[in-house]
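Chain by chain, the residues run as shown.
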Amino acid sequence: MAFSSPSLKDLIGSLDRDSYVSLLSKIIGEARHVQNNPPDLIPKEDRVARHVLDALLPLSTSTDGGPLVVSHVSYAEGRGNIIVEYPGSTPGKILSFVGCHMDVVTADPADWDFDPFSLGVDGDKLKGRGTTDCLGHVALVTELMRKLGQVRPPLKNTVVAVFIANEENSSVLGIGVDELVKDGLLDKLKQGPLFWIDTADKQPCIGTGGMITWRLRATGKLFHSGFPHKTINPLELAMEALKEIQSRFYQDFPSHPQEQVYGFATPSTMKPTQWNFPGGGINQIPGECSISGDVRLTPFYRPTDVTKKLQEYVDDINANIEKLGTRGPVSKYVLPYENLRGRLTISFDEAALSGVACDLNSRGFHVLCKATEEVIGYVKPYSITGSLPLISELQHEGFDVQISGFGIMDTYHAKNEYCLFSDMRQGFQVFLSIISQLEED
């Protein structure tokens, strides 16, 4: 028997506020222990996972209490992932809600107006680190699976929820969804749409940006600033070189026609975000300095092509450094009488992240849009050049990844983070609409 959207909604009902807030309070109470900023802060996601398991195991096959099939998969001590299945009757019909991660970014209580590590309830507003990103979604999807386990609607589709570890850090791998995919534990999710629940503002996110972090180092000659004609100023070298590099970048990676289709607010960008130099007196020209920054790349360009080009720019500037623009009548980058040339090097600090362009022709996308319009009242897909790690790898592995979320974008990774219960309640109804529509196929 397949359920139309109204009948499934009638069976399951709406998100229960008391149950949701109670669970979220327990989960936010663990936020201090799941901050992810190695090597100083290593999260123990199992502290969150135990609350999810406490909610779902009583309705599982492992306790003979219900139909849910619950697996706790760990690749590092205290850092588990959870896979929950509500079995459907038709082999090969499946949909999944993935991406709800059990780690958070750091929070300094001194900077907040309230305690970030305990849930604050202020009417509709639910406050604390992780309420938007992403512990609020962990609680929401747990409540969905709990209701399915309690009500037991006879669905054709198997509904899967995957709660993951280690989303907020990409320098340490082999702990979260990347390892689940490597081990084949998510392979069957390729048979249906995968909804990545880790964004905000209740609309489909159809595009994300790739990211490359870079460091441009300029080497000159340390000398007294009263004799600028006898030195190579690495600060001037770095500034002029970066200007040239940016100019070439925007020529080679201009706005792409697909960016308008996907609604990206900006094209690909390359910009500095940090300066560094060894220090010294104000009357001393340093011997070296560095500028660091990032490239935010729309998904229609490949990060490997960009890094190759950036290296080519630097090599060409080094080879023709006499032609680089200078700053003033004695500014220079070559001292022939000392056989000394200024020099640039560029390095890339972490593995580049690829962006994502969701498949706008997939059944998953159409179902998400219809559910959003039905529940929220309108649908307006958007794209951002912010990066969501892990998603592009899933897409490359053959998953139909669609992205949505119900937090508050303005509080993402910010102090005084919060979400709204009313938004989460609507998210619950979006999930039910998605399931209902796919039951009709």
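Fair warning: this is a prediction, and the values are worked out from it, not measured in the lab. (Residues numbered from 1 in each chain as written. Predicted model: local features only at pLDDT ≥ 70, side-chain atom pairs only at ≥ 80, totals over all residues. Heavy atoms only, no water.)

In this section: the UniProt feature "domain: Peptidase M20 dimerisation" (unreviewed entry) in the protein. Taken from the UniProt record, the annotation "domain: Peptidase M20 dimerisation" (unreviewed entry) applies to residues 206–320. Helix makes up 37% of residues 206–320 and strand 30%, with an end-to-end C-alpha separation of 42 Å. (UniProt positions renumbered as here; feature names shortened; annotations may be inferred. Helix = DSSP H or I, 4+ residues; strand = E, 2+ residues; numbered from the N terminus.)

With respect to topology, 4 strands assemble into an open sheet ordered β11-β13-β9-β16, the strand pairing being antiparallel. At either end of the open sheet lies a strand with only one pairing partner, and these are β11 (269–276) and β16 (343–348). This sheet shows a mean twist of 25 degrees between the axes of neighbouring strands, independent of strand direction. The pairing of strand β9 (residues 210–219) with β16 spans 6 bridges and is antiparallel. Its bridge partner lying in β16, A218 is registered against L344. Strands β9, β11, β13 (288–297) and β16 of the sheet are contacted by helix α6 (residues 234–252), whose axis makes an angle of about 165 degrees with β11. Taken strand by strand, helix α8 (residues 303–319) contacts β9, β11, β13 and β16, and its axis lies near 170 degrees from that of β16. (Pairing = 2+ DSSP bridges. Axes fitted to C-alpha atoms, helices over the stretch in contact; angles between N-to-C directions. Contact = heavy atoms within 4.5 Å.)

Turning to the packing of helix α9 (residues 363–376) against helix α11 (residues 421–439), a few remarks are in order. Interaxial distance between α9 and α11 falls to 9 Å at its minimum, and their mutual angle equals 135 degrees. Considering the angle they form, α9 stands oblique to α11. Considering only the axes of α9 and α11, their crossing is right-handed. When α9 is examined against α11, the residues R363, H366, V367, L368, K370, A371, T372, E374, V375 and I376 are found in contact with a partner set consisting of Q426, Q429, V430, S433, I434, Q437 and L438. (Parallel < 35°, antiparallel > 145°, perpendicular 65-115°, else oblique. Left-handed = near helix turned anticlockwise from the far one by under 90°.)

To continue, consider the packing of aromatic side chains. Overall, the coordinates contain 11 aromatic pairs when judged by the stated rule. For the pair F97 and F431, a centre-to-centre distance of 4.7 Å together with 45 degrees between the ring planes defines the contact as tilted. With a gap of 334 residues between them, F97 in strand β3 (residues 94–101) and F431 in helix α11 connect regions that are remote in the sequence. Each member of the pair F97 and F431 is classed as buried. Taken together, a centroid distance of 5.8 Å and an interplanar angle of 80 degrees make the contact between F406 and F431 edge-to-face. Here F406 is found in the loop between β19 (400–404) and β20 (418–420), whereas its partner F431 is found in helix α11, with 25 residues between them in sequence. In terms of burial, F406 and F431 fall into one category: buried. In this structure, K125 packs its charged tip against the face of Y418, placed 4.4 Å from the ring centre. Just above the ring of F114 sits the side chain of K127; from NZ or CZ to the centre is 4.8 Å. (Phe/Tyr/Trp six-rings, centres within 6.5 Å; stacked < 30°, edge-to-face > 60°. Buried < 20%, exposed > 50% of the residue type's maximum accessible area, 1.4 Å probe, protein only. Lys NZ or Arg CZ within 6 Å of the ring centre and 35° of its normal.)

What follows is about the pattern of salt bridges. Opposite charge on two side chains permits pairing when their charged atoms draw close. Enumeration over the complete set of coordinates arrives at 19 salt bridges. For D423, the salt bridge goes to K202, with nearest N and O atoms at 2.9 Å. Pair noted here: D423 is in helix α11 and K202 is in the loop between β7 (193–197) and β8 (205–208), with a separation of 221 residues, a long-range link. Take K202: its relative accessible area is 17%, and that puts it in the buried class. Where K309 meets E312, a salt bridge forms, and the shortest distance between an N and an O atom there is 3.8 Å. Of the two residues, K309 and E312 are both situated in helix α8; the distance of 3 residues between them amounts to about one turn of the helix. For K309, a relative accessible area of 30% translates into the label partly exposed. Accessibility expressed as a relative area gives 36% for E312, which makes it partly exposed. Within the structure, one salt-bridge network assembled from shared partners comprises E30, R47 and R50. (Salt bridge = Lys/Arg side-chain N within 4 Å of Asp/Glu carboxyl O.)

Next up on the list: the pairing of β7. Within β7, 5 of the 5 residues are buried, which leaves the element mostly enclosed by the surrounding structure. Going residue by residue along β7, you find P193, F195 and I197 tucked away on one face and L194 and W196 tucked away on the opposite face as well. Where β3 meets β7, 3 bridges bridge the pair, whose relative direction is parallel. When the bridges of β7 are listed, S96 appears paired with L194. One ladder, built from 5 bridges, connects β7 with β19; its direction is parallel. Across the sheet, I197 pairs through a bridge with S404, a residue of β19.

Looking at the secondary structure, you find S362 in the loop between β17 (356–357) and α9. Sequence-distant contacts of S362, that is, excluding residues within four places in its chain, are made with D400 and Q402.

This paragraph deals with the state of the cysteines. Inspection of the entire model under this criterion finds 0 disulfides. Not engaged in a disulfide, the cysteine C100 finds its nearest cysteine sulfur in C134; these two sulfurs lie 4.7 Å apart. Owing to a relative accessible area of 0%, C100 belongs among the buried residues under this scheme. With no disulfide of its own, C358 lies 6.7 Å from the sulfur of C205, the closest cysteine sulfur. Given a relative accessible area of 0%, C358 falls into the buried group. (Disulfide = S-S within 2.5 Å.)

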